[in-house]
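Residue-level listing of the chains:
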Amino acid sequence: MEWFLVICFIISVTSLYFSYGSRHYIPEKVLVDMGEQVFISHLPVAKLNKKYGKTIPKSSVTKIQLAGNYVSFFNASDNAVDIWAPSDRLAKPIFEYARGIFKDADVVVINC
(Lines give C-alpha, C1' and ligand atoms only; values in the text may rest on other atoms or scores of the structure.)
Protein backbone atom coordinates (compact mmCIF):
# COMPACT_ATOMS: atom_id res chain seq x y z
CA MET A 1 0.00 0.00 0.00
CA GLU A 2 2.83 2.40 0.81
CA TRP A 3 4.38 1.82 -2.62
CA PHE A 4 1.13 2.82 -4.27
CA LEU A 5 1.08 6.10 -2.36
CA VAL A 6 4.72 6.80 -3.21
CA ILE A 7 4.08 6.15 -6.90
CA CYS A 8 1.00 8.40 -6.86
CA PHE A 9 3.03 11.14 -5.19
CA ILE A 10 5.83 10.88 -7.76
CA ILE A 11 3.35 11.01 -10.64
CA SER A 12 1.63 14.06 -9.11
CA VAL A 13 4.87 15.96 -8.60
CA THR A 14 6.01 15.14 -12.13
CA SER A 15 2.69 16.28 -13.56
CA LEU A 16 2.86 19.57 -11.69
CA TYR A 17 6.44 20.11 -12.83
CA PHE A 18 5.52 19.71 -16.51
CA SER A 19 2.32 21.74 -16.16
CA TYR A 20 3.67 24.72 -14.25
CA GLY A 21 7.41 24.78 -14.98
CA SER A 22 8.14 28.05 -16.80
CA ARG A 23 10.93 26.54 -18.87
CA HIS A 24 8.34 24.35 -20.61
CA TYR A 25 6.59 27.44 -22.02
CA ILE A 26 9.45 28.83 -24.08
CA PRO A 27 7.77 29.99 -27.32
CA GLU A 28 10.27 28.22 -29.59
CA LYS A 29 9.51 24.92 -27.82
CA VAL A 30 5.73 25.37 -27.78
CA LEU A 31 5.51 26.43 -31.45
CA VAL A 32 8.00 24.67 -33.70
CA ASP A 33 8.18 26.21 -37.18
CA MET A 34 8.66 23.45 -39.78
CA GLY A 35 8.42 25.46 -43.00
CA GLU A 36 4.83 25.32 -44.24
CA GLN A 37 3.60 23.66 -41.04
CA VAL A 38 3.82 24.39 -37.33
CA PHE A 39 4.01 21.79 -34.57
CA ILE A 40 2.03 22.93 -31.51
CA SER A 41 2.93 21.41 -28.18
CA HIS A 42 -0.35 22.39 -26.53
CA LEU A 43 -0.52 19.68 -23.84
CA PRO A 44 2.01 19.13 -21.05
CA VAL A 45 2.39 15.49 -22.10
CA ALA A 46 3.41 16.62 -25.62
CA LYS A 47 6.67 17.81 -24.13
CA LEU A 48 7.49 14.17 -23.39
CA ASN A 49 6.07 12.56 -26.52
CA LYS A 50 5.49 14.39 -29.80
CA LYS A 51 2.49 12.22 -30.75
CA TYR A 52 0.35 14.23 -28.31
CA GLY A 53 1.00 17.55 -30.07
CA LYS A 54 -0.67 18.90 -33.22
CA THR A 55 0.77 19.84 -36.57
CA ILE A 56 -1.17 22.45 -38.52
CA PRO A 57 -0.48 24.18 -41.85
CA LYS A 58 0.40 27.86 -41.55
CA SER A 59 -2.10 28.77 -44.26
CA SER A 60 -5.03 27.29 -42.31
CA VAL A 61 -4.76 29.70 -39.34
CA THR A 62 -7.03 32.71 -39.86
CA LYS A 63 -7.08 34.18 -36.34
CA ILE A 64 -4.79 34.22 -33.29
CA GLN A 65 -6.37 35.13 -29.98
CA LEU A 66 -4.90 35.94 -26.58
CA ALA A 67 -7.40 35.72 -23.74
CA GLY A 68 -5.86 35.81 -20.29
CA ASN A 69 -3.44 32.90 -20.18
CA TYR A 70 -4.84 31.11 -23.28
CA VAL A 71 -3.48 31.46 -26.81
CA SER A 72 -5.90 30.15 -29.45
CA PHE A 73 -5.40 29.44 -33.14
CA PHE A 74 -8.56 29.44 -35.26
CA ASN A 75 -8.95 28.06 -38.77
CA ALA A 76 -11.52 29.00 -41.45
CA SER A 77 -14.22 26.73 -39.98
CA ASP A 78 -13.70 28.26 -36.49
CA ASN A 79 -12.10 25.14 -35.05
CA ALA A 80 -9.45 26.10 -32.53
CA VAL A 81 -6.31 24.78 -30.91
CA ASP A 82 -5.76 26.26 -27.46
CA ILE A 83 -2.50 26.59 -25.58
CA TRP A 84 -2.85 27.06 -21.84
CA ALA A 85 -0.04 28.68 -19.87
CA PRO A 86 0.05 28.97 -16.07
CA SER A 87 0.16 32.78 -16.20
CA ASP A 88 -0.25 35.78 -18.51
CA ARG A 89 3.48 36.36 -18.23
CA LEU A 90 4.13 33.05 -20.00
CA ALA A 91 1.27 33.33 -22.53
CA LYS A 92 2.24 36.74 -23.95
CA PRO A 93 5.62 35.65 -25.39
CA ILE A 94 3.93 32.64 -27.03
CA PHE A 95 1.33 34.98 -28.54
CA GLU A 96 4.01 37.38 -29.84
CA TYR A 97 5.99 34.51 -31.34
CA ALA A 98 2.81 33.18 -33.01
CA ARG A 99 2.19 36.60 -34.56
CA GLY A 100 5.57 36.30 -36.25
CA ILE A 101 4.85 32.81 -37.55
CA PHE A 102 1.26 33.42 -38.73
CA LYS A 103 1.73 36.81 -40.40
CA ASP A 104 -1.55 36.73 -42.38
CA ALA A 105 -3.78 35.82 -39.43
CA ASP A 106 -6.05 38.33 -37.68
CA VAL A 107 -4.95 39.22 -34.16
CA VAL A 108 -7.40 39.47 -31.26
CA VAL A 109 -6.54 40.37 -27.67
CA ILE A 110 -9.22 39.93 -25.03
CA ASN A 111 -8.43 41.49 -21.66
CA CYS A 112 -9.71 39.22 -18.91
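Just so we're clear, the structure is a prediction, and the values are computed from it rather than from any experiment.

Conventions and cut-offs
- For every chain, the first residue of the written sequence is number 1, and numbering continues from 1 along that sequence.
- Thresholds applied to this predicted model are a pLDDT of at least 70 for local features of residues and 80 or more for the giving and counting of side-chain atom pairs; totals over whole chains, interfaces and linings are not thresholded and use all residues.
- Neither water nor hydrogens contribute to the side-chain values; these are computed over all heavy atoms in the structure.
- Under the DSSP-based scheme used, a helix requires at least four consecutive residues in state H or I and a strand at least two consecutive residues in state E, with every element numbered from the N terminus.
- Using a 1.4 Å probe on the protein chains alone, a residue whose accessible area is under 20% of its type maximum counts as buried, one over 50% counts as exposed, and one in between counts as partly exposed.
- Per-residue accessibility takes into account occlusion by the displayed protein chains alone, with areas from the Shrake-Rupley method and a 1.4 Å probe.
- When DSSP finds at least two bridges between two strands, those strands are taken to pair.
- For helices, the fitted line uses only the C-alpha atoms of the stretch in contact; every axis is such a line through C-alpha atoms, and the angle between N-to-C directions lies from 0 to 180 degrees.
- By definition in these notes, contact holds between two residues if any of their heavy atoms fall within 4.5 Å.
- By definition, pLDDT measures how confident the predictor is in each residue, and it falls between 0 and 100.
- Every case where a carboxyl oxygen of Asp or Glu lies within 4 Å of a side-chain nitrogen of Lys or Arg is listed as a salt bridge.

**Here we look at the overall build of the chain**
Point 1. In terms of helices and strands, the chain carries three helices and seven strands.
Point 2. Along the chain direction, N to C, the helices and strands of the chain fall in the order α-α-β-β-β-β-β-β-α-β.
Point 3. Taking all 112 residues of the chain together, the buried fraction comes to 34%.
Point 4. Accessible surface, the chain as shown: approximately 7100 Å² in total, 58% of it carbon and sulfur.

**So, the sheet that holds strand β5 (residues 70-75)**
Point 1. Judged by pairing direction, the sheet is mixed, and its four strands sit side by side in the order β6-β5-β4-β7 without closing on themselves. Here the strands that pair on one side only, and so sit at the sheet edges, are β6 (80-84) and β7 (106-110). This sheet shows a mean twist of 15 degrees between the axes of neighbouring strands, independent of strand direction.
Point 2. Here strand β4 (residues 61-67) pairs with β7 via five bridges, running parallel. Bridging across to β7, Leu66 finds its partner in Val109.
Point 3. Along the sheet, helix α3 (residues 88-101) makes contact with β4, β5, β6 and β7, crossing β4 at roughly 160 degrees.

**A few points about the sheet that holds strand β3 (residues 54-57)**
Point 1. Sheet architecture is open: three strands sit in the order β1-β2-β3, paired in antiparallel fashion. Either end of the sheet is taken by a strand with one partner, and the two such strands are β1 (31-34) and β3. Looking at each pair of strands side by side, their axes are set apart by 25 degrees on average, direction ignored.

**Remarks on the confidence of the model for the chain**
Point 1. Taken residue by residue, the chain gives an average pLDDT of 85. The fraction at 70 or more is 87%.
Point 2. At the level of individual helices and strands, the chain shows its lowest average pLDDT in helix α1 (residues 2-20), which scores 81, and its highest in β4, which scores 94.

**Overview of the pattern of salt bridges**
Point 1. Tallying each qualifying case throughout the model produces two salt bridges.
Point 2. Here Asp33 ties to Lys58 by a salt bridge, and the two come within 2.9 Å at their closest N and O atoms. Taken together, the residues span a long stretch of sequence, with Asp33 in strand β1 and Lys58 in the loop between β3 and β4 at a distance of 25 residues.
Point 3. Residue Glu96 is joined to Arg99 by a salt bridge in which the shortest nitrogen-to-oxygen separation is 3.7 Å. A residue pair is termed a helical-turn pair when its members lie 3 or 4 positions apart in one helix, as Glu96 and Arg99 do in helix α3 at three residues.
Point 4. Taking relative accessible area as the criterion, Glu96 reaches 46% and is therefore assigned partly exposed.
Point 5. By relative accessible area, which is 39% here, Arg99 ends up partly exposed.

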